[in-house]
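Structural overview for review
Below are the chains, spelled out letter by letter.
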Amino acid sequence: MLKRHFAPGASPATLVPHTEGEGAVKPRIHLLEYDANSFAEHEVTESADLLALIDAGKITWINIDGLGDIDALELLARKYGLHPLALEDVLNTGQRPKVEEFQDHLFIVAQMVYQDATECICGEQVSIFLGKNYVITVQEEPEYDVFNPVRERLRAGRGSIRKSKADYLAYALLDSIIDHYFPVLDELGRSIEDLEDQLLENPERSMVLKLHEHRRSLTQLRRYVWPLRDLVNGLLHDNSGQIKAPTKVFLRDCYDHTVQLMDFVESYKEITTGLMELYHSSVGLRTNEVMRVLTVITSIFIPLTFIVGVYGMNFSQEPPDNKTMPLNMPELYSPHGYIVVMGVMLVIAVAQLVFFRRKGWL
Amino acid sequence: MLKRHFAPGASPATLVPHTEGEGAVKPRIHLLEYDANSFAEHEVTESADLLALIDAGKITWINIDGLGDIDALELLARKYGLHPLALEDVLNTGQRPKVEEFQDHLFIVAQMVYQDATECICGEQVSIFLGKNYVITVQEEPEYDVFNPVRERLRAGRGSIRKSKADYLAYALLDSIIDHYFPVLDELGRSIEDLEDQLLENPERSMVLKLHEHRRSLTQLRRYVWPLRDLVNGLLHDNSGQIKAPTKVFLRDCYDHTVQLMDFVESYKEITTGLMELYHSSVGLRTNEVMRVLTVITSIFIPLTFIVGVYGMNFSQEPPDNKTMPLNMPELYSPHGYIVVMGVMLVIAVAQLVFFRRKGWL
Amino acid sequence: MLKRHFAPGASPATLVPHTEGEGAVKPRIHLLEYDANSFAEHEVTESADLLALIDAGKITWINIDGLGDIDALELLARKYGLHPLALEDVLNTGQRPKVEEFQDHLFIVAQMVYQDATECICGEQVSIFLGKNYVITVQEEPEYDVFNPVRERLRAGRGSIRKSKADYLAYALLDSIIDHYFPVLDELGRSIEDLEDQLLENPERSMVLKLHEHRRSLTQLRRYVWPLRDLVNGLLHDNSGQIKAPTKVFLRDCYDHTVQLMDFVESYKEITTGLMELYHSSVGLRTNEVMRVLTVITSIFIPLTFIVGVYGMNFSQEPPDNKTMPLNMPELYSPHGYIVVMGVMLVIAVAQLVFFRRKGWL
Amino acid sequence: MLKRHFAPGASPATLVPHTEGEGAVKPRIHLLEYDANSFAEHEVTESADLLALIDAGKITWINIDGLGDIDALELLARKYGLHPLALEDVLNTGQRPKVEEFQDHLFIVAQMVYQDATECICGEQVSIFLGKNYVITVQEEPEYDVFNPVRERLRAGRGSIRKSKADYLAYALLDSIIDHYFPVLDELGRSIEDLEDQLLENPERSMVLKLHEHRRSLTQLRRYVWPLRDLVNGLLHDNSGQIKAPTKVFLRDCYDHTVQLMDFVESYKEITTGLMELYHSSVGLRTNEVMRVLTVITSIFIPLTFIVGVYGMNFSQEPPDNKTMPLNMPELYSPHGYIVVMGVMLVIAVAQLVFFRRKGWL
Amino acid sequence: MLKRHFAPGASPATLVPHTEGEGAVKPRIHLLEYDANSFAEHEVTESADLLALIDAGKITWINIDGLGDIDALELLARKYGLHPLALEDVLNTGQRPKVEEFQDHLFIVAQMVYQDATECICGEQVSIFLGKNYVITVQEEPEYDVFNPVRERLRAGRGSIRKSKADYLAYALLDSIIDHYFPVLDELGRSIEDLEDQLLENPERSMVLKLHEHRRSLTQLRRYVWPLRDLVNGLLHDNSGQIKAPTKVFLRDCYDHTVQLMDFVESYKEITTGLMELYHSSVGLRTNEVMRVLTVITSIFIPLTFIVGVYGMNFSQEPPDNKTMPLNMPELYSPHGYIVVMGVMLVIAVAQLVFFRRKGWL
């Protein structure tokens, strides 16, 4: 959960590429250039080629997928004057979502959320640099990304995106990140509701484990969503001039969505807490029920077993020397002894059943 | 619980009508026009006719019931310049209550609450556009609505409503929405108090389920009520000029009501939490009581059963070969053996009863 | 708990007298007029007479006890220009304590608290109108009232009350309301401490019910006390000119008292929560103790009962046909069989006792 | 816990001496006068003598110990113009710590804390009046006081205290009060840590009671400490001119100490909550352990007892009339019957032991 | 936990060296002087030599390790005009992290955190004085220190540290302190996750104890981390001129780290709370399971034991006097008696098994 790749106390703004595990995976670099009338798209394989491809007159979106190699990032940093502390945060993934203002660019960190094949909720850091006419996005891992709808809109030239400036593109990307929280939360909510139904019917241990897992997911999501609101709010009140007024109207919409996300996360937290309590009360009740069965059966049969034990005693045996002796257990020789004892036991059993029924234990 | 009808990452302000399930139900459109002296009412069946019916000199209230068809909404949007992001929020129901200021209109989203036939507490989104001399309300579902009292007041010309401007109408509608929370909360409170009485008498599992349900309702209501206060507060401090000073006096009253609602919701939450705890303690106590009965009966009869078992042993039998053997269990042949053993067992039983009574277990 | 007497959606400022139940009880109207030198007191039976009795040159305190009839209130509203929304709040009892500023009067709502004969903590709404030289107080029910000490001070002319203006009278009334919370809380605190002592000695179900009741009372008191502080604070920072500087020094004292009240309510809440937990732990411990007794007795006697059962088996019987057969249970015919078995059982029992004692279960 | 000595609704600023219980104990009055060069000390026995002893040119510290007699206080009030509402608060002990600004003096209320002989944590109200060149302190009870170190410093003329003004003396007294919280909290912390060690070893009921007591002490201390911070902060930002800049540097230090106190109180609260939970879990676990022993022993021996019971049945008896009858229980007459049955039972017992061991119950 | 070395009520700014326990250990003093071009390092053994070694033209970092001797500190205090209250705080370790502004220096207190050999999380107070061109750091104990990476950077002349002013050095030291929280939290997080895995598999008492320990560590860390944020924030908004703008950019990064630390601490707290609940539910469930085994076995065999007991009664014995008597227990003499009784018992056992299986207890 805690990811820090440099040694504590190291010089600030030290850049270390992610090469742990299976060796440095080369990041995929994707370049998109457009204005209202034109649109170009390049898959860049050599970092060195990158700068040559950039057309200063257009809006440029450079997306870097993966942190295994930092050559491209360093090239861009030199070209656009990206701040070293920002670059450090790009590489030290696991940052809190935040926005930072530098001299001629904004630096935005957000956590992208998606569900992978194993239904686990994954977070992935996305860093966004927004400058005068460029947007640079850096993603932690190359497999998955939430930006395809934005790419499609750019390709199709739909909506106002092609006619707008770089700040609108940054908004669109942020909006896409935020929008992708909804299906994840939706899925989580559905799973919680299923769990609720099952719990009300028949509580089982596996459900508590599931519930516990959901709570952890919610704790994680909360850590992503709360600062997201501050982030969007920061953009809304940005004075650096990077965000223009028309985009702010759209960011207000974005802000509403983050508040809604917080709302959902908090509601789900509350519901899972309620379910945990429900589970506890169910287990308590079941133990109570089990105890009642045990108590009723034991209370009825233990005294009866004692009585039949009494008449299994050997006091009435003839002594070996056949001396005359007064009869010790005359009941045994009474003609109706057996039937009377059986009757007495029946009465005791019935009396107890009545007593337990009155107590509401049956 | 989470309702979002467009794909994540889609272009903002995309309008998608609600046509899921049983096909597009045509929305009912109701038009009301009035000034201090005149009053007219139309049920509009064709969206196309709508614009023709509007009389610019009067105050116009257009109520659209249902989101299955968005033609009318688009017509109105064009006529009054409603903002696309607001329209998107109208269709994406499940919004948090809020107020948004646009250039020449205010956009208000609230959640209307009512109890349906199954006693379930339902929320339904109501969107209100307030312009210079019009109010447009859009409701999520056509079946139910809380605006009838306002319509009646308009028809009757009672109170000051006909003499006031559009902002007063918007206030009256909002007030009607807020007022309708009270009977719902009232019903909920009564149900919680019933539950309390039952729980104090005889706790049962069904009550926990009911309690859990109430808590979920309260969680839901809280999500509606808290932002409602901010909404009314926003209107009270509105600087756009849409809300005039005389209406603000009435909104202050509205504000008090939302605070009161929050108060009730929080109090009920606290009471249900207390009841849950009471239930837990009751179950614990009952288990304790069951255990005590089990322990007392078992503790008394188990030793006695052992004793009668002792005298059921066959040590005193004559060996098959009739050899002379010392008597092994002389008690069996004592003339008073039986009576003495019975007496000893009685003493043991009484001693235990005294012991348990002293412990307070009887 | 929720009291609203008009239909939701009704026109605001609709006045409905309280006539539910046993028919309209006529409110008692009491008029007090004074200045530094003179003092007059009238019991008014006919609302119509009221206005004639008012002497504009003096400070007038009109107290209306009961809401069954609103004639007097409407007369006064017309005379002093009381705002209709304020009148509505007077009649819709169950308001949160608050202060509202109107053009030439302040409107204060507070909850008076007292313990009735059944030791139940009752709240009763008191509405106070403070104008230039009048104070109008309206109480919910005529039986009980906390203003007698103020009346006495007015009659006696003690202290500075007769020499002061209407705002001081309003302060004195509010102070009397606040002061009367203390004995109620005092009583509650004493009851909680009694409960604590009992709980530490011998926890019983009745105590949880009592505890639950106290917690409900505290929830209710908190709903009264928290807004009370805001109310007094509102008066302290009043700019309408109704409250003069000399009275504000006294209101600061009042403010301290409300903070103290909040302090007490919160402390008591915390203590009751601690007691609930203590109770839970006590019940858990008792169950544990009961279980231990059960386990010790059962564990000792069940194996012994098994052993005596072994020697109660009939394997050593002569077959009916008297065939020679090897002896099946030779122990039975050993001369010391009985004494050895008894000894073995004693050893088992003692070993178990030692084991349980070591475990700390005895 | 709640101490109010006057009737609710009484005229404000009514002064009532504490004479409850054993009659009015005369307060001890101690007068200290000093400047940089001189120092004088008087024990005043007659209130009337007090004023004559005061030397206006020096800094005067009058300490009144006990509230049984208010003559001296009234004399001083007249001389220094102390506000009646402040005097009322002096007598109505149990006030929240606070600072109040009056025309030419500050009025400070704090709670002094110490542990008495019974290790109970006691609070005692100290009221401090700070004027131009005098400090008046009034304590609730005469037995104990935390000011001796300050007196010693004055007598010895150590540090800067003799060279400073009255505000420094007030600071020194307040600092002494605050400092004396530390040993009390220290003792409490040590006791909590002892409890923790014991609880981890062997949880017992007496520990919960102790824990409960500590939590109550912490609740009480919190009520004293939180407002203390506001008090010191109030002095730090005092604009009345009573507190001079050089003293404020020292008050900042004082402020740090109050924050540290709050920190400790909150940490201890959290730890006690954790311990309570630990205790609960321990009791739950012990019950579980007890149950396991019961279940294992019962589960092993109950079936065996059943089996030996089977062979104790009398089906094989010869009928009294010696009619020939088929053998009913042939096992009994099998030569190896006994040994086989014993073996079967052994197998059952061992199988169960293996089963329970696998379950981890042994 | 609470460390205060002077008597309550003592004169403020009294300095007492730490000589408790094993006698005064002499502190180690280490002096570092540098500018962009030069670098010198001295281990000072005699406090008296210290001042002579300081070169006013360079940036001086004096590190004092240990509080057993305060000579050096007093020398420095005189030379640089360090405030006595600050010195007092240096010696009274256990201070909350804070920053204080004095006339010509800033005084910073932070808590350094590390894990010692016993894996215990230790805190150690570090006091930092930052003046025009000097930094003085005082550590509580000489064994361990987190400043080595900074020393290495100074020695190597890497990064911008040698070219920067004293404020950058102070930042670097603070950053090193903050950075060292991460591995500690990392370790803690890993241990919590291990615990979670184990708890999900097989809950044991040792885990609760471990969990409890972790919670205490988190409580302690929270006490260090929360004020740390305020500290860094205080430096960020420092107006004294000690912190220059270029360093503030780096402090913003530091601030982010403290927020991240808080985030982790809070998340871990939440997770441990969830684990505690999980543990409780597991214990409850296990008790339930144990009860179910007990109940099933007892419920099946107790009635059967009763039945075999019935046929072990001696009612069918011939009376000693051989009088003719009706047969009392005819079943015993029925040719199929035994087999029928065994069959009946089998049916009862199977019926119960079916019943319990239906209940889900098997």
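The structure displayed is predicted, hence computed values, not measured ones.

**Notes on the overall build of chain A**
- Regarding its fold elements, chain A presents nine helices and seven strands.
- Taken over the C-alpha atoms alone, chain A extends approximately 130 × 40 × 35 Å along its principal axes.
- Split into buried and exposed, the 362 residues of chain A put 58% on the buried side.
- Once local pairs closer than 6 in sequence are excluded, the contacts in chain A between residues at least 24 apart make up 66%.
- Carbon and sulfur atoms provide 54% of the accessible area of chain A, an area that totals close to 14300 Å².
- In chain A, which carries 35 positive and 50 negative side-chain charges, the distance between the mean positions of the two groups comes to 4 Å.

**Quick word on the interface of chain C and chain B**
- Taken together, the contact between chain C and chain B spans 67 residues of the former and 71 residues of the latter.
- Across the chain C/chain B interface, buried area totals approximately 6000 Å², and carbon plus sulfur atoms make up 61% of it.
- At the surface where chain C touches chain B, the tally comes to nine salt bridges.
- The partner of K98(C) in a salt bridge is D256(B), with the nearest N and O atoms 2.2 Å apart.
- At the junction of chain C with chain B, the criterion picks out 16 residue pairs in polar contact (both at pLDDT 80 or more).
- Sorting the residues of the side of chain C that touches chain B by element identifies α3 (84-91), β4 (98-101), α7 (205-236), α8 (245-310) and α9 (337-359) of chain C as the ones contributing at least two each.
- Tallying contributions element by element places α8(C) first for the side of chain C that touches chain B, with 19 residues.
- Residue classes in the side of chain C that touches chain B are distributed as 32 nonpolar, 18 polar and 17 charged.

**Here's the deal with the relation of the copies chain C and chain B**
- For these two chains of identical sequence, chain C goes onto chain B by a turn of 72° and a shift of 0.1 Å along the axis, with RMSD 0.1 Å. What the rotation and shift describe, once combined, is the action of a five-fold rotation axis. Among all residues of chain C, the one whose C-alpha sits closest to the rotation axis is G312(C), at a distance of 4.7 Å.
- Comparing interface residues between copies, only 19% of those in chain C also sit at the interface in chain B, which points to a heterologous contact through distinct surfaces.

**Re the packing of aromatic side chains**
- Scanning the model with the defined rule gives 55 aromatic pairs over all chains in all.
- Where Y80(A) meets Y134(A), the ring centres are 3.7 Å apart and the plane angle is 20°; that geometry is what we call stacked. Of this pair, Y80(A) sits in helix α2 (residues 71-80) while Y134(A) sits in strand β7 (residues 134-139), placing them 54 residues apart in sequence. Here the two residues Y80(A) and Y134(A) agree in accessibility, since each one is buried.
- Consider the rings of F264(B) and Y268(B), whose centres lie 6.2 Å apart with planes at 25°: the pair is stacked. Of the two residues, F264(B) and Y268(B) are both situated in helix α8 (residues 245-310); the distance of four residues between them amounts to about one turn of the helix.

**Some details on the pattern of salt bridges**
- Evaluated as defined, the whole model comprises 85 salt bridges over all chains.
- Note that K269(D) and E270(C) form a salt bridge whose closest N and O atoms lie 2.1 Å from each other. Separated into two different chains, K269(D) in helix α8 (residues 245-310) and E270(C) in helix α8 make up a pair that spans both.
- According to the relative accessible area criterion, K269(D) is buried, its value standing at 14%.
- A salt bridge links E187(D) to R190(D); the shortest N-O distance between them is 3.8 Å. Here R190(D) and E187(D) lie together in helix α6 (residues 181-201), a separation of three residues that amounts to about one turn.
- Accessibility expressed as a relative area gives 29% for E187(D), which makes it partly exposed.
- If you follow the salt bridges from partner to partner, you end up with D89(A), K98(A), E100(A), R252(E) and D256(E) in one network.

**Digging into a negative patch on the surface**
Residue and element names in this part refer to chain A.
- A surface patch of negative charge is lined by E193, D194, D197 and E201.
- Looking at the secondary structure, you find E193 in helix α6 (residues 181-201).
- Classification of E193 as partly exposed rests on a relative accessible area of 34%.

**Section: the pairing of strand β5 (residues 106-115) of chain A**
Residues and elements named next belong to chain A.
- Here β5 lies mainly inside the structure; nine of its ten residues are buried.
- Sheet topology places strand β4 (residues 98-101) next to β5; four bridges connect them, and they run antiparallel. The partner of V99 across the bridge, within β5, is I108.
- Hairpin connection between β4 and β5: a loop of four residues separates the two successive antiparallel strands.
- Note: β5 against strand β6 (residues 121-130), ten bridges, orientation antiparallel.

**Digging into a nonpolar patch on the surface**
- Taken together, the side chains of I339(A), V340(A) and V344(A) define a hydrophobic patch exposed on the protein surface, amounting to about 270 Å² of accessible area.
- On the secondary structure map, V344(A) appears in helix α9 (residues 337-358).

**A closer look at α3(C)**
- The buried count for α3(C) comes to seven of eight residues, which makes it a mostly enclosed element.
- Looking only at α3(C), the buried set comprises L85(C), A86(C), L87(C), E88(C), D89(C), V90(C) and L91(C).
- Summarising the contacts, the buried residues of α3(C) are in contact with α8 of chain B together with α2 (71-80), β4, β5 (106-115), β6 (121-130) and β7 (134-139) of chain C.

**Description of the relation of the copies chain C and chain D**
- Here chain C sits on chain D after a turn of 72° about the axis and a move of 0.1 Å along it, with an RMSD of 0.1 Å.
- When the interface residues of chain C are mapped onto chain D, a mere 19% of them again fall at the interface, so the copies present different faces.

**Quick word on the interface of chain C and chain D**
- Between chain C and chain D, the contact holds 70 residues from the first and 67 residues from the second.
- Summing both sides of the interface, chain C and chain D together bury roughly 6000 Å²; the carbon and sulfur share of this comes to 61%.
- Here chain C is connected to chain D by nine salt bridges.
- A salt bridge links D263(C) to R96(D), with the shortest nitrogen-to-oxygen separation between them at 3.5 Å.
- Joining chain C to chain D, the criterion identifies 17 residue pairs in polar contact (both at pLDDT 80 or more).
- Of all elements in the fold, only α4 (148-156), α5 (166-179), α6 (181-201), α8 and α9 of chain C reach the threshold of two or more residues within the side of chain C that touches chain D.

**Examining the environment of T93(B)**
All names here are of chain B.
- Here T93 lies in the loop between α3 (84-91) and β4 (98-101).
- Residue classification places T93 among the buried positions, given a relative accessible area of 1%.
- Spatially, the C-alpha atom of T93 lies 9.6 Å from that of L67, the residues being 26 residues apart in sequence.
- In this structure the side chain of T93 is engaged in a polar contact, spanning 3.3 Å, whose partner is the side chain of E140.

**Considerations on the sheet that holds β6(A)**
Residue and element names in this part refer to chain A.
- Read across the sheet, seven strands follow the order β2-β1-β3-β7-β6-β5-β4 without closing on themselves; strand pairing throughout is mixed. Two strands in the sheet have a free side with no partner beyond their single neighbour: β2 (39-44) and β4. When strand polarity is set aside, the average angle formed by the axes of neighbouring strands in this sheet is 15°.
- Two strands pair when backbone bridges link them, and strand β1 (residues 28-34) and strand β3 (residues 59-65) are joined in this way by seven bridges, in the antiparallel orientation. Among the inter-strand pairings, E33 is bridged to a residue of β3, identified as T60.
- This element, helix α4 (residues 148-156), spans β1, β2 and β3 of the sheet and lies at about 35° to β1.

The rules behind the values
- Residues numbered from 1 in each chain as written.
- Chains lettered and ligands numbered in written order.
- Predicted model: local features only at pLDDT ≥ 70, side-chain atom pairs only at ≥ 80, totals over all residues.
- Heavy atoms only, no water.
- Helix = DSSP H or I, 4+ residues; strand = E, 2+ residues; numbered from the N terminus.
- Buried < 20%, exposed > 50% of the residue type's maximum accessible area, 1.4 Å probe, protein only.
- Contact = heavy atoms within 4.5 Å.
- Areas by Shrake-Rupley, 256 points an atom, 1.4 Å probe, with all protein chains shown as cover.
- Lys, Arg positive; Asp, Glu negative; His and termini not counted.
- Charge placed at Lys NZ, Arg CZ, Asp CG, Glu CD.
- Buried area = accessible area lost by both parts, 1.4 Å probe.
- Salt bridge = Lys/Arg side-chain N within 4 Å of Asp/Glu carboxyl O.
- Polar contact = N/O pair within 3.5 Å; in protein donor to acceptor, adjacent residues only side chain to side chain.
- Nonpolar A, V, L, I, M, F, W, Y, C, P; charged D, E, K, R; others polar.
- Least-squares fit on C-alpha atoms with pLDDT ≥ 70 in both.
- Phe/Tyr/Trp six-rings, centres within 6.5 Å; stacked < 30°, edge-to-face > 60°.
- Patch = residues over 30% accessible without salt bridge, like charges linked within 9 Å, V, L, I, M, F, W, Y side chains within 5 Å.
- Pairing = 2+ DSSP bridges.
- Axes fitted to C-alpha atoms, helices over the stretch in contact; angles between N-to-C directions.

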